[in-house]
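# Observations on the three-dimensional arrangement
Spelled out from the first residue to the last, the chains are:
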Amino acid sequence: MNKTKLAICMKDLEYQERFVNCFMNHYNHQYELHVFSGQDSLQNIHPMEYAVIITGEYSTEELTNFVESGQILLNLTENFEEKKDTLEENIVYTEKYQEVYKIAELVEYLVAEQSTIPGKVSKATYECIGVYSLTQEMYQIPFSVLLGKTLGEHQKVLVLDLQNYSGLGIAAEGMATMGLEDMLSAVTTGNHSRSRILECIRHEPTWDYVCSVQNNQCLAEGTDTLYEALIDLLVQELGYQKIIINFGSMFLGQLELMAQCQKLYLLCGKEAGGAWREENFRQETSRQGKEELVQRMRRIEIPSNSNREASWSSLAEKWSWGPLGEMLREEAERGKIRGATM
């Protein structure tokens, strides 16, 4: 995955070191951070090589060269209350001492607002991957997460969770609660901006996800056309290359959306249970003239889980170091996933 280049130069070197360590510990998969020891060394760079220059304590006059070049400067300041209403071209002020994830979200917003986004891809180059199960529904989220983590080592990945009560939508304390409902509303009304989109997205080390719905009834009200429009918007605005769709309860046009996926995983258990559900699914796809959909599905046997109380995140981590994770890593390296029939 192409990384976005950022530059950082501050007078407070102790804070700068702590900030760089924390920032890169969480976002090294997404950003390439170049650290400069002082204003003189910063002056020797070509400013447009960097999407954003993160500064602190420097005045506008000291950074005139970069402002005149049109480069975006993010100034972390202790005097944010005094600066927040200051209007200076290409300079954005934010609070110096705040959670790093909030600064990272602001950086992503500023990058997205640029006329060109490093790593941005055209619609023709992204790929949708479906995850579904008729007998192992509770394991769809940990598998989707494992798939996102694995593919995210190489490309920009988003998980779109359409499964009701999946557990992925539980927001961490202090995080925004905007999510899929807001995204669908924005698509429907056409009233959206990159900043609003980014408020609905959370970031993990190698993958992103749209915050799941708060009201699960909204999922049944969606359609394939609406979800396709949402995916198009996310790809065009934020440059995702892989969209992992975690399918849940039936909605209007669900089989049509599945058919848009280049790859489909069907999760199964070790025991040969639920054959009647697979047969019912096969009959329905045949009735709708979508036999090819069944033929393209890749069956994945989910490992036995003795700890029924394990969280989706702990399961994804456990599987990552087992045969399932090894298989996905090998397929990611090859850049393709072999097809198999049900």
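In this report, the structure presented in the accompanying data block is examined. (Residues numbered from 1 in each chain as written. Predicted model: local features only at pLDDT ≥ 70, side-chain atom pairs only at ≥ 80, totals over all residues. Heavy atoms only, no water.)

### Quick look at the packing of aromatic side chains
Any pair of aromatic rings gets described here by the distance separating the centres and the angle formed by the planes. Just so we agree on the cut-off: Between the rings of Phe, Tyr and Trp (Trp by its six-membered ring), a pair exists once the centres lie within 6.5 Å; its type follows the angle of the planes, with under 30 degrees stacked, over 60 edge-to-face, and the other angles tilted. Comment: elements are numbered from the N terminus, with helices defined as DSSP H or I runs of at least four residues and strands as E runs of at least two. Partly exposed describes any residue whose relative accessible area lies between the buried limit of under 20% and the exposed limit of over 50%, with all areas from a 1.4 Å probe on protein chains only and scaled to the type maximum.
Going through the model one piece at a time under the given rule, you end up with eleven aromatic pairs. Ring geometry for Phe36 versus Tyr50: centroids 6.1 Å apart, planes at 90 degrees, classification edge-to-face. Linking Phe36 in the loop between β2 (31–35) and α2 (39–43) with Tyr50 in the loop between α2 and β3 (52–56), this pair joins segments that are 14 residues apart in sequence. Judged by relative accessible area, which is 12%, Phe36 ranks as buried. Residues Tyr132 and Phe281 carry aromatic rings whose centres are separated by 5.9 Å and whose planes lie at 45 degrees to one another, so their mutual orientation is tilted. Of this pair, Tyr132 sits in strand β6 (residues 127–133) while Phe281 sits in helix α12 (residues 275–287); the two residues are 149 residues apart in sequence, bridging distant segments of the chain. Among the residues examined, Tyr132 registers a relative accessible area of 9% and is labelled buried. The class for Phe281 is buried, based on a relative accessible area of 7%. Each residue in the set Tyr15, Phe19, Phe23, Tyr27, Tyr31 and Tyr97 is aromatic and connected to the rest through ring pairs, giving one cluster.

### Points about the sheet that holds strand β9 (residues 208–210)
Backbone-to-backbone hydrogen bonds join strands into a sheet, with any given pair of strands oriented parallel or antiparallel. Quick note on the threshold: DSSP bridges decide pairing: two strands pair if at least two such bridges lie between them. Axes, fitted as lines to C-alpha atoms, cover a helix only where it is in contact. Angles between the N-to-C directions of the axes lie from 0 to 180 degrees.
Reading across from one edge, β8-β9-β7-β10-β6-β11-β12 is the order of the seven strands in this open sheet, with mixed pairing throughout. Of all the strands in the sheet, just β8 (201–203) and β12 (297–301) have a single pairing partner and so form its edges. On average, adjacent strands in this sheet sit at an angle of 25 degrees to one another, irrespective of strand direction. Where β8 lies against β9, three bridges are found, and the strand directions are antiparallel. Paired with Ile201 across the strands is Val210, a residue of β9.

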